[in-house]
Amino acid sequence: SFALEQNHPNPFNPETEIRYQLAEPGMVRLEIFDMMGREVVSLIDETESAGSYAVRWNATDASGIRVPSGMYYCKITATGGSKTYTSVIKMLLLK
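Procedures and definitions
- Residues numbered from 1 in each chain as written.
- Predicted model: local features only at pLDDT ≥ 70, side-chain atom pairs only at ≥ 80, totals over all residues.
- Heavy atoms only, no water.
- Salt bridge = Lys/Arg side-chain N within 4 Å of Asp/Glu carboxyl O.
- Helix = DSSP H or I, 4+ residues; strand = E, 2+ residues; numbered from the N terminus.
- Buried < 20%, exposed > 50% of the residue type's maximum accessible area, 1.4 Å probe, protein only.
- Core = buried A, V, L, I, M, F, W, Y, C linked by side-chain atoms within 4.5 Å.
- Contact = heavy atoms within 4.5 Å.
- Pairing = 2+ DSSP bridges.
- Axes fitted to C-alpha atoms, helices over the stretch in contact; angles between N-to-C directions.
- Phe/Tyr/Trp six-rings, centres within 6.5 Å; stacked < 30°, edge-to-face > 60°.

Q: What is the right way to read the pattern of salt bridges from this model?
A: Working definition: two side chains of opposite charge can pair if their charged atoms are close together. Following the criterion strictly, the structure yields seven salt bridges and no others. Here Arg 29 makes a salt bridge to Glu 39, at a shortest N to O gap of 3.4 Å. On the criterion of sequence distance, the pair formed by Arg 29 in strand E3 (residues 26-33) and Glu 39 in strand E4 (residues 39-48) is long-range, its members being 10 residues apart. Overall, the relative accessible area of 26% leaves Arg 29 in the partly exposed class. Taking relative accessible area as the criterion, Glu 39 reaches 41% and is therefore assigned partly exposed. Arg 38 is the salt-bridge partner of Asp 34, the closest N and O atoms lying 2.8 Å from each other.

Printed below as a string of structure tokens:
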């Protein structure tokens, strides 16, 4: 089944692991947003097979600059077949 698990550790510093499962192959986009809803970085934007995955985020933005402490949102969107799945988790970065 499709699932986005809570990141570990949470709160985190300096990095965290995000795990997710895909029930079927398809396009996957995994993005990090700040509290204002601005995209910080896109970690995954590719077609993947069904299965379990893990990705690490080192608390940097798309330019490689460290982001400040605070709440961040991880959003996954997966499209497979005729269905689109979306899930969001909250992550807390403490420095």
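Still more ground to cover, so stick around.
Q: How do you make sense of the nonpolar core when you look at a structure like this?
A: Here is a general trend for soluble globular proteins: nonpolar side chains tend to be buried in one another's company. With 23 residues, the main nonpolar core has Ile 18, Tyr 20, Leu 30, Ile 32, Trp 57, Tyr 72 and Met 91 as its most contacted residues. When contributions to this core are tallied by element, the ones reaching two or more residues are strand E2 (16-22), E3, E4, strand E5 (51-57), strand E6 (70-80) and strand E7 (83-93). Looking at which element gives the most residues to this core, the answer is E6, with four residues. Leave out the neighbours within four places in its chain, and Trp 57 touches Phe 12, Pro 14, Glu 15, Thr 16, Ile 18, Ile 32, Val 40, Val 41, Leu 43, Val 67, Tyr 72 and Met 91.

Q: In this structure, what is going on with the environment of Ile 76? I would like to understand it.
A: Along the polypeptide, Ile 76 turns up in strand E6. Residues Ile 76 and Glu 48, 28 residues apart in the sequence, show an inter-C-alpha distance of 13 Å. Non-local contacts of Ile 76, meaning those with residues more than four positions away in its chain, are made with Phe 2, Leu 4, Tyr 20, Val 28, Arg 29, Leu 30, Tyr 85, Thr 86 and Ser 87.

Q: Looking at this structure, I do not really get the sheet that holds E3. What am I missing?
A: In any sheet, the strands associate via hydrogen bonds between backbone groups, in a parallel or an antiparallel arrangement. Read from one edge of the open sheet, four strands run E4-E3-E6-E7, paired in antiparallel fashion. Across the chains shown, the open sheet's two edge strands, defined by having one partner strand only, are E4 and E7. For this sheet, the mean inter-axis angle between neighbouring strands, taken without regard to orientation, is 15°. By the bridge criterion, eight bridges tie E3 to E4 in an arrangement that is antiparallel. Paired with Gly 26 across the bridge in E4 is Glu 48.

Q: It is not clear to me how the packing of aromatic side chains should be interpreted in this structure. Could you clarify?
A: The geometry of an aromatic ring pair is captured by the separation of the ring centres together with the interplanar angle, meaning the angle of the planes. Taken as a whole and assessed by the stated rule, the structure comprises four aromatic pairs. Relative to Tyr 85, the ring of Phe 2 lies with its centre 5.1 Å away and its plane at 20°, an arrangement referred to as stacked. Within this pair, whereas Phe 2 is found in the segment before strand E1 (3-4), its partner Tyr 85 is found in strand E7, the two being separated by 83 residues in sequence. The exposure class assigned to Phe 2 is buried, which follows from its relative accessible area of 18%. Relative to Tyr 72, the ring of Trp 57 lies with its centre 5.5 Å away and its plane at 70°, an arrangement referred to as edge-to-face. Of the two residues, Trp 57 is situated in strand E5 and Tyr 72 in strand E6; the sequence distance between them amounts to 15 residues.

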